[in-house]
Amino acid sequence: MTAEAVEEPFRTQLTVRLRHGHTLLGVPLPEPCTFTSGNGVDLLWMGPDEYLVLAEPGRQAELEASLSRESDAVVDVSAQRVTVQLSGAHARDVLAHGCSIDLDESVSPPGTCVQTLFARTGIVLMVREDGFTILVRQSFSGYFKAWLADASLEYAS
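This write-up is about the structure you can find in this document.

1. Structural notes on the sheet that holds strand 8 (residues 73-76)
Line of reasoning, step 1. Pairing is antiparallel across the open sheet formed by five strands, whose spatial order is 5-6-7-2-8. Among the strands making up the open sheet, the edge pair consists of strand 5 (35-38) and strand 8. Put simply, the sheet's adjacent strands are angled 25 degrees from each other on average, direction ignored.
Line of reasoning, step 2. Against the sheet, helix 1 (residues 60-70) contacts strand 2 (12-17), strand 6 (41-47), strand 7 (50-55) and strand 8, and its axis sits at roughly 10 degrees relative to strand 2.

Structure follows, in structure tokens:
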């Protein structure tokens, strides 16, 4: 396998604003340009007081209720972005074709989370131990998937 992209539809995605605090949903808040995980959620640092909560599908109401007690504001943005898991031996190489972020493991180790452009499309990129999670706006998902498929051809056996 050179690079495999798998879409994960209907992921729960909640934007949270929090000015004071050290945890959300029992998970420590991430430092800038990172994400933390625990209790079935990923917390992504999106800005100085903005976080994105990712969870499996169908948890919007449950998490929104909890987060509304813990934070300053919560907005359900689950329909805004498509989630794609990219893995395989050449996943990093395929991403490098369209992304200006240095993806070398010494610079972008697992736990890294950045907002960037990928082939002129805004994405949120999460570096994981086993590959990458990429969040791309719904309206750009067809273009994004076609671009990934084309970039992957170079590494096809």
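Having seen the model, we can carry on.
2. Some details on the packing of aromatic side chains
Line of reasoning, step 1. Taken as a whole and judged by the stated rule, the model has two aromatic pairs.
Line of reasoning, step 2. Ring centres of Phe118 and Phe144 lie 5.3 Å apart, and the angle between their planes is 65 degrees; on these two criteria the pair is classed as edge-to-face. Placement of the pair is Phe118 in strand 10 (residues 113-118) and Phe144 in helix 3 (residues 141-152), with a sequence separation of 26 residues.
Line of reasoning, step 3. Judged by its relative accessible area of 1%, Phe118 falls in the buried class.

3. Overview of the pattern of salt bridges
Line of reasoning, step 1. With the rule as written, the count across this model stands at eight salt bridges.
Line of reasoning, step 2. One salt bridge connects Arg19 with Asp72, and the closest N-O pair in it is separated by 3.9 Å. One end of the pair, Arg19, is in the loop between strand 2 and strand 3 (23-24); the other, Asp72, is in the loop between helix 1 and strand 8, with 53 residues separating them in the sequence.
Line of reasoning, step 3. Residue Arg19 is classed as exposed on the basis of its relative accessible area of 61%.
Line of reasoning, step 4. Notably, a salt bridge pairs Arg128 with Asp42, separated by 2.5 Å at the nearest N-O pair. Highlighted residues: Arg128 in strand 11 (residues 121-128) and Asp42 in strand 6, separated in sequence by 86 residues. Each member of the pair, Arg128 as well as Asp42, carries the same accessibility label: buried.

Cut-offs used in this document
Residues numbered from 1 in each chain as written. Predicted model: local features only at pLDDT ≥ 70, side-chain atom pairs only at ≥ 80, totals over all residues. Heavy atoms only, no water. Pairing = 2+ DSSP bridges. Helix = DSSP H or I, 4+ residues; strand = E, 2+ residues; numbered from the N terminus. Axes fitted to C-alpha atoms, helices over the stretch in contact; angles between N-to-C directions. Contact = heavy atoms within 4.5 Å. Phe/Tyr/Trp six-rings, centres within 6.5 Å; stacked < 30°, edge-to-face > 60°. Buried < 20%, exposed > 50% of the residue type's maximum accessible area, 1.4 Å probe, protein only. Salt bridge = Lys/Arg side-chain N within 4 Å of Asp/Glu carboxyl O.

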